[in-house]
Amino acid sequence: MTPVLILTRPAPQAEAFAAEIAARWAGAVRIILSPLLRIIPEPVLADLAGVRGVIFTSGHGVAASGTTNLPRGLPAWCVGEKTAQLALEAGFDAIAGPGDATRLAEKIISRRPEGPLAHLRGYHTRGGIAEKLTAAAIPCVDVVAYDQVAQALSAEAFDALQGNAPVILPLFSPRTATILGEQGPFSAPVHLIVISTAVQGAAAAIGVKSLSVAAMPDADAMIGATLKRLGTVAERHM
């Protein structure tokens, strides 16, 4: 029975993840893209010309920076390597973080950069970076630059989750896990791959056959964990 891989990230990230899996997985797999979040830009009215650095906790924040008056060349504290690469391409002096918002805040506090900083983020977020930095005497402005609107599973994804074939389902955020759980229950054997223990907690309501936490909170570790689970599931269904 061919396993199903359902990808719920916003379309550009889901497509990139699917391409990585297709390039590295030699076996059979049916890949379904069913984004559970739609990114909607929000107008940024704040005057950011005076900030001394910017914080990006996703590629969406980097994209949103193009609609602001942020000077290019600023230090950009980025959640991970992929976001740092996008920030570099956008003209910032990118500094790659450890892969999650909590440890990014700790890194910034340890480096003591000159403020004020600006955190370009989505409406729904976790980590409280601006609050943590300000409490540590590093002024930081919280700037909501986009919204993440919940979406229903596609009919194809929903049918797969009610079928008999094993479903491998990577989850990258607590909110996506919550949105998915609200659309259950699911009768298919579901194998969750989560990026962090925070996502694991948010996914507690989803009935699963197995659950794996990525070794690191980044896309590369999620790809590795997904490939590993695909291999295990394929062996069981040979």
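Quick note: structure is the one above.
Summary of the structure given here. (Residues numbered from 1 in each chain as written. Predicted model: local features only at pLDDT ≥ 70, side-chain atom pairs only at ≥ 80, totals over all residues. Heavy atoms only, no water.)

**Re helix H7 (residues 174-181)**
Every buried residue of H7 is accounted for by Pro174, Thr176, Ala177, Ile179 and Leu180. Looking at the buried positions of H7, the neighbouring elements they touch are strand S3 (37-41), strand S8 (140-150), helix H6 (155-161), strand S9 (167-171) and helix H8 (197-202). (Buried < 20%, exposed > 50% of the residue type's maximum accessible area, 1.4 Å probe, protein only. Helix = DSSP H or I, 4+ residues; strand = E, 2+ residues; numbered from the N terminus. Contact = heavy atoms within 4.5 Å.)

**As for the packing of aromatic side chains**
For the coordinates displayed, the defined rule picks out two aromatic pairs. The interplanar angle of 90 degrees and the centroid separation of 5.7 Å between the aromatic rings of Phe17 and Phe172 together place this pair among those described as edge-to-face. Residue Phe17 is located in helix H1 (residues 11-24), and its partner Phe172 is located in the loop between S9 and H7; the two are separated by 155 residues in the primary sequence. Each member of the pair, Phe17 together with Phe172, is buried. Over the ring of Phe172 we find Arg9; its NZ or CZ atom is 3.9 Å from the centre of that ring. (Phe/Tyr/Trp six-rings, centres within 6.5 Å; stacked < 30°, edge-to-face > 60°. Lys NZ or Arg CZ within 6 Å of the ring centre and 35° of its normal.)

**Quick notes on the sheet that holds strand S2 (residues 30-33)**
One open sheet accounts for five strands, arranged S2-S1-S9-S10-S11; its pairing is parallel. The sheet is open, and its two edges are formed by S2 and strand S11 (210-213), each paired on a single side. For this sheet the average axis-to-axis angle between neighbouring strands, irrespective of direction, equals 20 degrees. Inspection of the sheet shows S9 paired to strand S10 (residues 190-194) by five bridges, in the parallel sense. Bridging across to S10, Ile168 finds its partner in His191. (Pairing = 2+ DSSP bridges. Axes fitted to C-alpha atoms, helices over the stretch in contact; angles between N-to-C directions.)

**Re the environment of Glu15**
Here Glu15 shows up in helix H1. As a C-alpha pair, Glu15 and Gly207 span 192 residues in sequence and 26 Å in three-dimensional space.

**Quick look at the sheet that holds S3**
With respect to topology, six strands assemble into an open sheet ordered S3-S8-S7-S4-S5-S6, the strand pairing being mixed. Because the sheet does not close on itself, it has two edges, and the strands there are S3 and strand S6 (93-96). Strand-to-strand twist in this sheet, taken as the mean axis angle between neighbours without regard to direction, amounts to 25 degrees. Of the strands in this sheet, strand S4 (53-56), strand S5 (75-78), S6 and strand S7 (117-122) are in contact with helix H4 (residues 101-111), which crosses S5 at around 140 degrees.

**Regarding the nonpolar core**
Looking at soluble globular proteins, one finds that nonpolar side chains tend to be buried together. With 43 residues, the main nonpolar core has Ile6, Ile21, Leu161, Leu169, Leu171, Leu180 and Leu192 as its most contacted residues. For this core, the elements supplying multiple residues, two or more each, are strand S1 (4-7), H1, H6, S9, H7, S10 and helix H9 (219-236). The element best represented in this core is H9, accounting for seven residues. Contacts of Ile21, omitting those with residues within four sequence positions, involve Leu5, Ile223, Thr226, Leu227 and Leu230. One finds Val44, Ala84, Ala118 and Val143 within the second-largest nonpolar core, a separate group that totals 19 residues. (Core = buried A, V, L, I, M, F, W, Y, C linked by side-chain atoms within 4.5 Å.)

**Thoughts on the pairing of S9**
Where burial is concerned, most of S9 is hidden: five out of the five residues are buried. On S9, burial covers both faces: Val167, Leu169 and Leu171 on one face and Ile168 and Pro170 on the other are all buried. The pairing of S1 with S9 spans two bridges and is classified as parallel. Note on S9: the bridge partner recorded for Val4 is Val167. The parallel pair S9 and S10, bridged by H7, forms a crossover whose chirality is right-handed. (Right-handed = clockwise from strand over helix to strand, strands pointing away.)

**Concerning the packing of H1 against H9**
Orientation of H1 relative to H9, taken along the N-to-C sense of each, is 45 degrees, at an axis distance of 11 Å. Our classification of the angle between H1 and H9 gives oblique. As H1 runs across H9, the sense of the crossing is right-handed. Contacts between H1 and H9 involve Phe17, Glu20, Ile21 and Arg24 from the former and Ala219, Met222, Ile223, Thr226, Leu227 and Leu230 from the latter. Taken together, the residues of the contact of H1 with H9 sort by class into seven nonpolar, one polar and two charged. (Parallel < 35°, antiparallel > 145°, perpendicular 65-115°, else oblique. Left-handed = near helix turned anticlockwise from the far one by under 90°. Nonpolar A, V, L, I, M, F, W, Y, C, P; charged D, E, K, R; others polar.)

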